[in-house]
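Chain residues, written in single-letter form:
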Amino acid sequence: MITLGVDVGTTHTKVLALDVEAGRTRALESAATPVVRDADGEARRPAQVLETVLDLTASVVKQLPAGARPAALCVASVGEEVVLIDATGAPVGDVITWYDPRGLDEAAAFMAGPGGDLPLSRRWPPDATISICKLLWMKAHDPEALARAITWTDLGDFGLHGLGADLVMDWTHASRAGAFDIAARAWDRATVEATGLGLACPRLVPGRTVIGTLEPAVARRLG
């Protein structure tokens, strides 16, 4: 059985074809993860990232032996990079890179204000890399984009959604959001409400959950 693994990393995006029974890598491709400098710092354009994933995956599939048919595909990514999603399922605006300092002031303000007395925040104090702090920065500096969105997700799960999967977030990515109760394996309602973001949180699933199949047009492009 051949499985495909995609890693949307900070500097490079990699796609691997693994022969599970033989424990062998059948193909591996890599390319720089797209990044742009906008007026406020470094960001990514979701459509460019998705195109990179599609191009690399198609290249990997072409290298597989005749008749080899990938049985599954999964995507991992830097979980803190937040993609806003509108009512049509399309991305809204750019994605702030996880290492960009935007969110630092918002993290301090959240802890000095509504988040300071919350058990979750006291146990795991948020910082500039945490997803809710990126969202709080958007609330303060890009309210129009936030107003167009109805929900959000991480870059990896956005990639899966772009391939045809349901819009969800896995527990590992949620654990870097700043509002996930690890013990309960659920969003912490008090923290979500304290942010005042007004966005629906994505449905949570454990890793290895099957969340859809490739769109036919995507399957044809990937070969």
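Residues numbered from 1 in each chain as written. Predicted model: local features only at pLDDT ≥ 70, side-chain atom pairs only at ≥ 80, totals over all residues. Heavy atoms only, no water.

**Student:** What is the right way to look at the pairing of strand 7 (residues 82-85) in this model?
**Tutor:** A regular strand places its side chains so that they alternate between the two faces of the sheet. Judged by which residues are buried, strand 7 turns out to be covered on both faces: Val82 and Leu84 on one side and Val83 and Ile85 on the other are all buried. Where strand 7 lies against strand 10 (residues 151-154), 4 bridges are found, and the strand directions are antiparallel. Looking at the pairing, Val83 lines up with Thr153 of strand 10. Bridge count between strand 7 and strand 8 (residues 91-92): 2 bridges; the pairing is antiparallel. (Buried < 20%, exposed > 50% of the residue type's maximum accessible area, 1.4 Å probe, protein only. Helix = DSSP H or I, 4+ residues; strand = E, 2+ residues; numbered from the N terminus. Pairing = 2+ DSSP bridges.)

**Student:** Looking at this structure, I do not really get the nonpolar core. What am I missing?
**Tutor:** What tends to happen in soluble globular proteins is that the nonpolar side chains get buried as a cluster. Residues Val8 and Ala17 are the most contacted members of the largest nonpolar core, which totals 30 residues. Residues in contact with Val8, not counting those within four places in the same chain, are Thr13, Thr33, Val49, Val53, Val75, Ala76, Ser77, Val78 and Leu155. In terms of nonpolar packing, the next biggest core, distinct from the first, is built from 28 residues, Ile130, Ile132, Ala145 and Trp187 among them. (Core = buried A, V, L, I, M, F, W, Y, C linked by side-chain atoms within 4.5 Å. Contact = heavy atoms within 4.5 Å.)

**Student:** Help me out: how do you make sense of the pattern of salt bridges in this one?
**Tutor:** Charged atoms that come close allow side chains of opposite charge to pair. Tallied over the full model, the rule gives 11 salt bridges. In this structure, Asp100 and Arg102 form a salt bridge, with 2.9 Å as the shortest nitrogen-oxygen distance. The class of Asp100 is buried, set by a relative accessible area of 6%. It is possible to trace a salt-bridge network through shared partners that takes in Asp38, Asp100 and Arg102. (Salt bridge = Lys/Arg side-chain N within 4 Å of Asp/Glu carboxyl O.)

**Student:** Would you take a moment to explain the sheet that holds strand 3 (residues 24-32) for this structure?
**Tutor:** Strand pairing in a sheet relies on backbone hydrogen bonds, with the paired strands running either antiparallel or parallel. One open sheet accounts for 4 strands, arranged 3-2-1-6; its pairing is mixed. Looking at strand neighbours, the two that pair on one side only are strand 3 and strand 6 (70-77), the edges of this open sheet. The average undirected angle you get between the axes of adjacent strands in this sheet is 15°. Where helix 6 (residues 155-163) meets the sheet, it contacts strand 1 (2-8) and strand 6, and its direction lies at approximately 145° from that of strand 6. (Axes fitted to C-alpha atoms, helices over the stretch in contact; angles between N-to-C directions.)

**Student:** Would you explain the sheet that holds strand 7 in this entry?
**Tutor:** In space, the 3 strands of this open sheet follow the order 8-7-10, with antiparallel pairing throughout. Each edge of the open sheet is held by one strand with a lone partner, namely strand 8 and strand 10. Set on the sheet, helix 4 (residues 131-141) makes contact with strand 7 and strand 10; between it and strand 7 the angle comes to about 55°. Seen against the sheet, helix 6 touches strand 7, strand 8 and strand 10 and runs at an angle of roughly 105° to strand 10.

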